[in-house]
Amino acid sequence: MDTLRRNNVSVAGRTDGPVLLLAHGFGCDQNMWRLIVPILAQDHRLVLFDYVGSGQSDPSAWDERRYSSLDGYAQDVLEICEALDLRDVTFVGHSVSAMIGVLAAAKAPHRIGRLVMVAPSPRYIDEDGYRGGFDADDIDELLDSLESNYLGWSAAMAPVIMGNPDRPELGEELTTSFCATDPDMARVFARTTFLSDSRADLKTVTVPTLVLECEQDVIAPREVGAYVHAAIPGSRLVTLRATGHCPQLSAPQATAGAIGDFLGAAL
């Protein structure tokens, strides 16, 4: 199968610029980056895509076994890099994609030269000495609700995840994105996301890394950003003056500015 068609790959920006590979999170697609694309495209070549099961990806490529692990999504990333012969790229991963980028960088270090982790979380469930933001019962309830009534769950949860009640259009946009995802595929991606534990994988990161967190984020609280920063030696932690889990939508200028500052120092 043609990888570029499978993952609905699109390219924007300067053809001769350093490459940024933008990877969306659960329930989203590449459209979630649209507000920062014009900013970053001035100096960079941007590669955007949809994971299989999301956006305009090819649904015939769906394989539940493959996508029941974050490794399956990391393989998508590396196959895109191979198809475009991308090397030493900056991987910009939102939410669970931050951990997918960690896995991809470990598997093919010549492909991924830098990591930008936007609202990352290596583990959503609290454990002794670690706060992920949810207890196990919270996650079980979340997944049960998602599986029993995906559209209802999307309408209720998207505004909470977006976290900007004074800007309801943002929550509505995320709701629309969630609802456009096939419920069966979303169920698998949700379980893969919310039950994952990638804390040990953080120790494998050896490339320059930026950790972007928001001042308030119910999905990835600031304790998580501090944990990720501490686990990756030499990483840079930036707290955006933003609320919610999607700063690329709620605070695009600040998000793009932080990425640009990091790349200016790292390149």
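Located above this text is the structure these notes cover.
All of these numbers come straight from a predicted model, not from anything done at the bench. (Residues numbered from 1 in each chain as written. Predicted model: local features only at pLDDT ≥ 70, side-chain atom pairs only at ≥ 80, totals over all residues. Heavy atoms only, no water.)

A. Broad picture of the overall build of the chain. Summing up its helical and strand segments, the chain has 11 helices and seven strands in all. Over its C-alpha trace the chain gives a radius of gyration of 17 Å, about what one expects of a compact globule, namely 18 Å for 267 residues. Along the three orthogonal principal directions, the C-alpha set of the chain runs to about 45 × 40 × 35 Å. For the chain, with 267 residues in total, the buried portion stands at 56%. When the accessible surface of the chain is totalled, it reaches about 10900 Å², and 48% of it is carbon and sulfur. Taken together, the 21 basic and 37 acidic charged side chains of the chain have centroids lying 7 Å from each other. (Helix = DSSP H or I, 4+ residues; strand = E, 2+ residues; numbered from the N terminus. Rg over C-alpha atoms; globule rule 2.2 N^0.38 Å. Buried < 20%, exposed > 50% of the residue type's maximum accessible area, 1.4 Å probe, protein only. Areas by Shrake-Rupley, 256 points an atom, 1.4 Å probe, with all protein chains shown as cover. Lys, Arg positive; Asp, Glu negative; His and termini not counted. Charge placed at Lys NZ, Arg CZ, Asp CG, Glu CD.)

B. Just the environment of serine 60, in detail. Its location among the elements puts serine 60 in the loop between strand E3 (45-48) and helix H3 (70-83). Classification of serine 60 as exposed rests on a relative accessible area of 54%. Along the sequence, serine 60 and arginine 6 sit 54 residues apart, while their C-alpha atoms lie 8.6 Å from each other. A polar side-chain atom of serine 60 sits 2.7 Å from a polar atom in the side chain of aspartate 58. (Polar contact = N/O pair within 3.5 Å; in protein donor to acceptor, adjacent residues only side chain to side chain.)

C. Here's a closer look at the sheet that holds strand E6 (residues 209-216). In spatial order, the strands read E1-E3-E2-E4-E5-E6-E7; together these seven strands make up an open sheet with mixed pairing. Only two strands of the sheet have a single partner each, and these edge strands are strand E1 (10-13) and strand E7 (236-243). Ignoring strand direction, the axes of neighbouring strands in this sheet form an average angle of 20°. Bridge count between E1 and E3: four bridges; the pairing is antiparallel. Of the residues in E3, the one forming a bridge with valine 11 is valine 47. Contacts from H3 reach strand E2 (19-23), E3, strand E4 (89-94) and strand E5 (112-118) within the one sheet, and its direction differs from that of E2 by about 150°. (Pairing = 2+ DSSP bridges. Axes fitted to C-alpha atoms, helices over the stretch in contact; angles between N-to-C directions. Contact = heavy atoms within 4.5 Å.)

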